[in-house]
Amino acid sequence: MRERLEELRDEALAKVATAEDVKALQEVRVAYLGKKGPITEVLRGMGKLSAEERPIIGQMANDVRDAIKVEIEAKETKLEEAAVEKQLATESIDVTLPGRPVSRGSRHPLTAVIEEVEDIFLGLGFTVEEGPEVETDYYNFEALNLPKDHPARDMQDTFYFTEELLLRTQTSPVQARTMEKYKGQGPVKIICPGKVFRRDDDDATHSHQFMQIEGLLVDHHVRMSDLKGVLETFAKRFFGEDRQIRLRPSFFPFTEPSVEVDVSCGICGGKGCRICKQTGWIEVLGAGMVHPRVLEMSGFDPKVYSGFAFGMGVERLAMLKYDIDDIRHFYTNDVRFLAQFKRV
Ligand code: DAH
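Definitions and limits used
Residues numbered from 1 in each chain as written. Predicted model: local features only at pLDDT ≥ 70, side-chain atom pairs only at ≥ 80, totals over all residues. Heavy atoms only, no water. Helix = DSSP H or I, 4+ residues; strand = E, 2+ residues; numbered from the N terminus. Rg over C-alpha atoms; globule rule 2.2 N^0.38 Å. Buried < 20%, exposed > 50% of the residue type's maximum accessible area, 1.4 Å probe, protein only. Contact = heavy atoms within 4.5 Å. Areas by Shrake-Rupley, 256 points an atom, 1.4 Å probe, with all protein chains shown as cover. Axes fitted to C-alpha atoms, helices over the stretch in contact; angles between N-to-C directions. Parallel < 35°, antiparallel > 145°, perpendicular 65-115°, else oblique. Nonpolar A, V, L, I, M, F, W, Y, C, P; charged D, E, K, R; others polar. Near = heavy atom within 4 Å. Polar contact = N/O pair within 3.5 Å; in protein donor to acceptor, adjacent residues only side chain to side chain. Expected span 1.5 Å × (residues − 1). Pairing = 2+ DSSP bridges. Domains from an automatic or database assignment. Core = buried A, V, L, I, M, F, W, Y, C linked by side-chain atoms within 4.5 Å.

Turning to the overall build of the protein, a few remarks are in order. Within the protein, the regular secondary structure consists of 12 helices and 9 strands. Its C-alpha atoms give the protein a radius of gyration of 44 Å, clearly above 20 Å, the size a compact globule of 344 residues would have. Its C-alpha atoms give the protein principal-axis dimensions of about 135 × 50 × 40 Å. The 344 residues of the protein split such that 42% are buried. Here the contacts in the protein between residues at least 6 apart in sequence split such that 68% fall between residues at least 24 apart. Put simply, the protein shows about 19900 Å² of open surface, and 52% of that area lies on carbon and sulfur atoms.

In structure tokens form, the structure reads like this:
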């Protein structure tokens, strides 16, 4: 029996030594140490041994079993370590590889235009005001010298919540709101960008919702030449130093006199082309000297103060500056359109 046990031990250890993976080790374990294995069999046959021999063989069988167990465990650890090592070697990460680029958005062209206009006017000493998009009839019309039933209201039909509450049709109500805030004390030098709403057909150049930037300057001795100087400075900074402006008489109820302001065409340089309809000029905004009644209604004494105001469409500025041919591009959020303004 002694020899049989030694033989089994040598056999098992040899198999452990040559086992190449955990599965092979598991097979050795089952084959030699399992309940139906040869060592258990030896132990079962111990009944035939003498009383002296029995504990010796029993001890020996236990030693052989322990020796095999210890070897299997040691080999198992070795194999596991080797496996980890191999995995580390094959799965190593190259931290110097460039990362996948994260796609970056861009400012919407209308936002870019508003920010640029704000920069220009901040540089001229203006501040930026805001007003509500849901406006009262009073601020949107009456305080701007457009009493109820005034025919000039027809051009600015809009969405009414009640008879007195509506979506503002222009940013001009911020003029009145701001003047009230200043309580009759100038100077007032503000611009106000924001959304406006009108009942309108939606086509390549019209939208029921668009954006405007309003301007208002109220102080002592403000003259038409101040208006012209500010607008010329603006046009040159925004469109380019080579641009000229021209004032044409017009009508707005809240300014007197009123003008339409044209900028010389950037495509033909003023010679006349398809874009400017052969006139050499492109209309960009409305302006004028603040009507004395408007000053008065908002708490400024027209004998002491005078002022000018202007209002321009943001979409129109953007279309002229970036050669955009359809106003609807601004609202459909097609990434192919928006991505063209990454560097603006
Ligand atoms: N609010 C006018 C419009 O929407 C634009 C405008 C014209 C604003 C003349 C002004 C101004 O402040 O003086 O058509």
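Quick look at the packing of helix α1 (residues 2–18) against helix α4 (residues 53–90) now. Axis separation between α1 and α4 bottoms out at 10 Å; the angle between their running directions is 0°. Overall, the two elements α1 and α4 adopt an arrangement that is roughly parallel. Contacts between α1 and α4 pair R2, L5, E6, R9, A12, L13, V16, A17 and T18 from the former with I56, I57, M60, A61, V64, A67, I68, E71, I72 and K75 from the latter. When its residues are assigned to classes, the contact of α1 with α4 shows 13 nonpolar, 1 polar and 5 charged.

Lining the immediate environment of the ligand, one finds 16 residues, of which Q170, S172, R198, Q212 and E214 sit closest. One of the side-chain nitrogen or oxygen atoms of R198 is found 2.6 Å away from an oxygen atom of the ligand. In the model, an oxygen atom of the ligand is placed 2.8 Å from a nitrogen or oxygen of the Q212 side chain. Surface burial for the ligand is 92%, taken as the share of its 360 Å² of free accessible area covered by protein chains. Mapped by element, the contributors of at least two residues to the shell around the ligand are β5 (209–219), β8 (281–290) and β9 (306–313).

Between its terminal C-alpha atoms helix α5 (residues 109–123) stretches 21 Å, which fits the 21 Å expected from 15 residues at 1.5 Å a residue. One or two residues past the end of α5 sits G125, with phi positive at roughly 95°.

Its place among the elements puts D326 in the loop between α10 (314–322) and α11 (329–332). Residue classification places D326 among the buried residues on the basis of a relative accessible area of 15%. Within the local environment of D326, its side chain forms a polar contact with the side chain of R328, the two groups lying 2.8 Å apart. Look past the residues within four positions of D326 in its chain and what remains in contact with it is D203, A204 and M319.

Let us look at the sheet that holds strand β6 (residues 245–252). Read from one edge of the open sheet, 7 strands run β1-β4-β5-β9-β8-β7-β6, paired in mixed fashion. Looking at which strands have only one partner, the edges of the open sheet turn out to be β1 (127–128) and β6. Helix α8 (residues 224–239) contacts β6, β7 (255–264), β8 and β9 of the sheet and is inclined by roughly 30° relative to β9.

Per the domain assignment, the segments making up the protein are domain 1 (2–90) and domain 2 (109–132 + 170–341). Once you take the C-alpha centre of each, domain 1 and domain 2 turn out to be 94 Å apart.

A word on unusual backbone geometry. The linkage connecting G186 with the following residue, P187, adopts the cis geometry, with an omega of -5°. Structurally, P187 can be placed in the loop between α7 (173–182) and β4 (188–197). Of the consecutive residues E256 and P257, the connecting peptide bond is found in the cis state with omega at -5°. We note that Q278 has phi near 65°; this positive angle belongs to a residue other than glycine.

For the rest of this paragraph, the subject is the pairing of β9. Looking along a regular strand, one sees side chains alternate from face to face of the sheet. The buried count for β9 comes to 6 of 8 residues, which makes it a mostly enclosed element. Note: β5 against β9, 8 bridges, orientation antiparallel. Each bridged residue has a counterpart across the sheet, and for D219 the counterpart in β9 is S306. The pairing of β8 with β9 spans 5 bridges and is classified as antiparallel. Its bridge partner lying in β9, L285 is registered against M312.

Attention now goes to the nonpolar core. In this structure, V117, F121, F310 and M312 are the most contacted members of the largest nonpolar core, which totals 40 residues. Elements that contribute at least two residues to this core include exactly α5, β5, α8, β7, β8, β9, α10 and α12 (335–338). Element by element, the count of residues in this core is highest for α8, at 7 residues. Excluding anything up to four places from it in sequence, F121 contacts F126, I191, V230, F234, F310 and M312. Of all hydrophobic cores here, the second largest spans 20 residues; its members include L5, A12, V16 and M46.

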